[in-house]
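Architecture and fold: a report
The chain contents come next:
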Amino acid sequence: MKITFYGHASLGIQINDINILVDPFITANEKASHIDINGLKADYILVTHAHQDHILDVEAIAKRTNAVIISNFEVISHFQGLGLEGHPMNHGGSWDFEFGTVKYVNAIHTSSFPDGSYGGQPGGFVIEGEHKNIYIAGDTALTYDMKLIPLKTKLDLAILPIGDNFTMGIDDAILASDFVECDKILGYHFDTFGYIEIDHEEAKRKFFDKNKDLMLLKIGESIEL
Ligand code: NI
Ligand code: MN
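First, a word on what this report is: a plain description of the structure on this page. Not measured: the values here are computed from a predicted model.

**Section: the coordination of the nickel ion (ligand 1)**
Bound to the nickel ion (ligand 1) on the protein side are His49 (NE2), His51 (ND1), His109 (NE2) and Asp139 (OD), at distances that span 2.2 to 2.3 Å. Seen from the nickel ion (ligand 1), its four donor atoms lie at angles of 87 to 176°, and the figure they make is irregular. Mapping the donors of the nickel ion (ligand 1) onto the primary sequence yields the spacing H-x1-H-x57-H-x29-D. In this model, the nickel ion (ligand 1) sits 3.1 Å from the manganese ion (ligand 2), the two metals being bridged by Asp139. Comparing His49 with His51 shows no difference in burial state: the two are buried.

**Let's talk about the coordination of the manganese ion (ligand 2)**
The manganese ion (ligand 2) binds to the protein through Asp53 (OD), His54 (NE2), Asp139 (OD) and His189 (NE2), with metal-donor distances spanning 2.1 to 2.2 Å. Sequence spacing among the residues donating to the manganese ion (ligand 2) works out to D-H-x84-D-x49-H.

**Some thoughts on the sheet that holds strand β7 (residues 94-97)**
Here seven strands make up an open sheet; going across it, the order is β7-β8-β9-β10-β11-β12-β13 and the pairing mixed. Across the chains shown, the open sheet's two edge strands, defined by having one partner strand only, are β7 and β13 (213-215). The mean angle between the axes of side-by-side strands here comes to 20°, regardless of whether they run parallel or antiparallel. Pairing between strand β8 (residues 100-106) and strand β9 (residues 123-129): six bridges, direction antiparallel.

**Side note on the pattern of salt bridges**
Considering all chains together, one arrives at four salt bridges under this definition. Three or more residues are tied together by salt bridges with common partners; here these are Asp178, Asp183 and Lys212.

**Notes on the pairing of strand β11 (residues 157-161)**
Within β11, five of the five residues are buried, which leaves the element mostly enclosed by the surrounding structure. Burial along β11 is two-sided: the residues Leu157, Ile159 and Pro161 and Ala158 and Leu160 are all buried. In this structure, β11 lies alongside strand β12 (residues 184-188), joined through four bridges in parallel fashion. Counterpart to Pro161 in the pairing with β12 is Tyr188. Crossover handedness for the path β11 to helix α5 (residues 170-179) to β12: right-handed.

**What to know about the packing of aromatic side chains**
Per the counting criterion, the structure on display carries eight aromatic pairs. Look at Phe5 and Phe190: their rings are 6.1 Å apart centre to centre, the planes differ by 10°, and that puts the pair in the stacked class. You can see Phe5 sitting in strand β1 (residues 2-5) and its partner Phe190 sitting in the loop between β12 and α6 (200-208), a full 185 residues away along the chain. Given a relative accessible area of 3%, Phe5 falls into the buried group. Overall, Phe190 belongs to the buried group, its relative accessible area being 6%. One aromatic cluster in this structure is built from Tyr44, Phe97 and Phe99. Note that Lys147 overlies the ring of Tyr144, its terminal NZ or CZ placed 4.7 Å from the centroid. Its guanidinium or amino end placed over the ring of Phe179, Lys147 lies 4.7 Å from that ring's centre, counting from NZ or CZ.

**Here's the deal with unusual backbone geometry**
Among all residues save glycine, negative phi is the norm, and among peptide bonds the norm is trans. We note that His8 has phi near 55°; this positive angle belongs to a residue other than glycine. Overall, His8 belongs to the buried group, its relative accessible area being 1%. Even without a glycine there, the phi angle at Glu181 is positive, about 55°. Among the structural elements, Glu181 can be located in the loop between α5 and β12.

**Description of the side chain of Thr192**
Structurally, Thr192 can be placed in the loop between β12 and α6. Side chain to side chain, Thr192 and His8 meet in a polar contact 2.6 Å long. Not counting the four nearest positions on each side in its chain, Thr192 is found in contact with His8, Phe25, Asn29 and Lys31.

**Digging into the sheet that holds strand β4 (residues 44-46)**
A sheet is described by the order of its strands in space; here seven strands give the open sequence β6-β5-β4-β3-β2-β1-β14, paired in mixed fashion. If you trace the sheet from one side to the other, it starts and ends with β6 (86-89) and β14 (222-224), each paired once. Pairs of neighbouring strands in the sheet enclose a mean axial angle of 20°, with direction left out of account. Inspection of the sheet shows strand β3 (residues 18-22) paired to β4 by three bridges, in the parallel sense. Opposite Val22, over in β4, you have Leu46 as the bridge partner. Against the sheet, helix α2 (residues 58-65) touches β3, β4 and β5 (68-72), its axis set at about 165° to β4. Seen against the sheet, helix α3 (residues 73-81) touches β5 and β6 and runs at an angle of roughly 140° to β5.

What counts, and at which threshold
Residues numbered from 1 in each chain as written. Chains lettered and ligands numbered in written order. Predicted model: local features only at pLDDT ≥ 70, side-chain atom pairs only at ≥ 80, totals over all residues. Heavy atoms only, no water. Donors = N, O, S within 2.8 Å, 3.2 Å for Na, K, Ca; no water. Tetrahedral: all angles 85-135°; square planar, octahedral: opposite > 155°, others 65-115°. Buried < 20%, exposed > 50% of the residue type's maximum accessible area, 1.4 Å probe, protein only. Pairing = 2+ DSSP bridges. Helix = DSSP H or I, 4+ residues; strand = E, 2+ residues; numbered from the N terminus. Axes fitted to C-alpha atoms, helices over the stretch in contact; angles between N-to-C directions. Salt bridge = Lys/Arg side-chain N within 4 Å of Asp/Glu carboxyl O. Right-handed = clockwise from strand over helix to strand, strands pointing away. Phe/Tyr/Trp six-rings, centres within 6.5 Å; stacked < 30°, edge-to-face > 60°. Lys NZ or Arg CZ within 6 Å of the ring centre and 35° of its normal. Polar contact = N/O pair within 3.5 Å; in protein donor to acceptor, adjacent residues only side chain to side chain. Contact = heavy atoms within 4.5 Å.

Shown next, in the form of structure tokens:
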């Protein structure tokens, strides 16, 4: 499993020959100006919630690639209304896709489309695929619901928001990694805007002091699990 950071909360996940994008918000992110969305491959697009900083480039990429969008019922209804293909889910539900199993899990946040219309309840994803299990938290506060994840799934990587203000910050993300029982963390949802700028060295040191590994990738950089 290969994971690429495209800035903010945008990820590329490659499992065998299948390409998955998560929350593509690239064209309006000045820090990601070197990423061309027309060059991104997508068989599936996972969307955690309806906020602009998670859906901005979904329509353009899905139109070009015919990717299947996976999200909650309300987000999928919205994109189906634009003529795009989607697979609706809701909290606690799992589905076996060709690349692995996806479960839509709780997040504590809000979710409305840019025009104010209802985006359903926000979520995160647990993906079990190619003998690797990952948790993509989405935008969320620290929540006890995270403790449910390791009851069923032994995670190899937890992808957690760490930018604070709109989501968990670093100290709560450390507790979240305890809750999900995973000491390998990829941080996201930081630095894009002034509200969520972080001190990288301090963040890494705080995780290191708890015997945890926080990875912060450059935009466009990948890791192999
Ligand atoms: Ni949000
Ligand atoms: Mn966000």
